[in-house]
Amino acid sequence: MREINYIKINKTFEELESDFIKEFIFMRKTNNLTQQLLADYSKTTREKIARIESRMHSPSIKSLIKILGSIGYTIKIEKIK
């Protein structure tokens, strides 16, 4: 039996990932945080932040919540526009 996806989206996984990374970097810069300062607040390494921002590392949800939560942010599920 073949699965049929009735939900149509106009973005690929790569586009969604790129949008998320752009938003992540924008959030960091808007809050005047260097990669090192964000790493310090979230008790991780600057290298991990750099790898996330360069799309060399795909963090777990747990890691993202830890990083973002340390500066008052979270992730949420949102309908693609």
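Just above, that's the structure.
Summarised in this report is the structure supplied together with it. Keep in mind it's a predicted model, so treat the numbers as computed, not measured.

**Quick notes on the environment of Ile-9**
Within the fold, Ile-9 resides in the segment before helix H1 (13-30). Exposure remark for Ile-9: the relative accessible area of 45% places this residue in the partly exposed category. Taking C-alpha positions, Ile-9 is 16 Å from Phe-20, a pair spaced 11 residues apart along the chain.

**Observations regarding the nonpolar core**
If you look at the biggest cluster of nonpolar residues, it comprises 11 residues: Ile-21, Phe-24, Met-27, Leu-33, Leu-38, Ala-39, Ile-49, Ile-52, Leu-64, Ile-67 and Leu-68. At the level of secondary structure, the elements contributing two or more residues to this core comprise H1, helix H2 (35-42), helix H3 (46-53) and helix H4 (61-69). Those residues in contact with Leu-64 that sit more than four places away from it in its chain are Phe-20, Phe-24, Pro-59, Gly-69 and Ile-75.

**Observations regarding the packing of aromatic side chains**
Enumeration over the complete set of coordinates arrives at 1 aromatic pair. Judged by centre distance (6.3 Å) and plane angle (35°), the ring pair of Phe-20 and Phe-24 falls under tilted. Here the residue Phe-20 and the residue Phe-24 both occupy positions in helix H1, the gap between them amounting to 4 residues, near one helical turn.

**Digging into the layout of surface pockets**
If you add up the space inside the largest pocket, you get close to 1,200 Å³. Every residue lining the largest pocket is counted, 26 residues in all, and those nearest its centre are Leu-16, Asp-19, Phe-20, Ile-75 and Lys-76. Every element with two or more residues in the lining of the largest pocket is listed here: H1 and H4. Per-element tally for the lining of the largest pocket: the top contributor is H1, with 9 residues.

**Describing the environment of Lys-11**
Of note, Lys-11 is situated in the segment before H1. Note on Lys-11: relative accessible area 30%, which makes it partly exposed. As a C-alpha pair, Lys-11 and Lys-81 span 70 residues in sequence and 9.4 Å in three-dimensional space. Lys-11 has contacts with Leu-16, Asp-19 and Ile-80, leaving out every residue within four places of it along the chain. A polar contact of 2.4 Å, which involves the side chain of Lys-11, links it to the side chain of Asp-19.

The rules we used
- Residues numbered from 1 in each chain as written.
- Predicted model: local features only at pLDDT ≥ 70, side-chain atom pairs only at ≥ 80, totals over all residues.
- Heavy atoms only, no water.
- Helix = DSSP H or I, 4+ residues; strand = E, 2+ residues; numbered from the N terminus.
- Buried < 20%, exposed > 50% of the residue type's maximum accessible area, 1.4 Å probe, protein only.
- Core = buried A, V, L, I, M, F, W, Y, C linked by side-chain atoms within 4.5 Å.
- Contact = heavy atoms within 4.5 Å.
- Phe/Tyr/Trp six-rings, centres within 6.5 Å; stacked < 30°, edge-to-face > 60°.
- 1 Å grid on protein atoms, 1.4 Å probe; cavity = no way out; pocket = protein on both sides within 12 Å on 5 of 7 lines; lining within 4 Å.
- Points joined across faces, edges and corners; volume = space filled by probe spheres on them.
- Polar contact = N/O pair within 3.5 Å; in protein donor to acceptor, adjacent residues only side chain to side chain.

No statement about biological role is implied by the geometric values presented.
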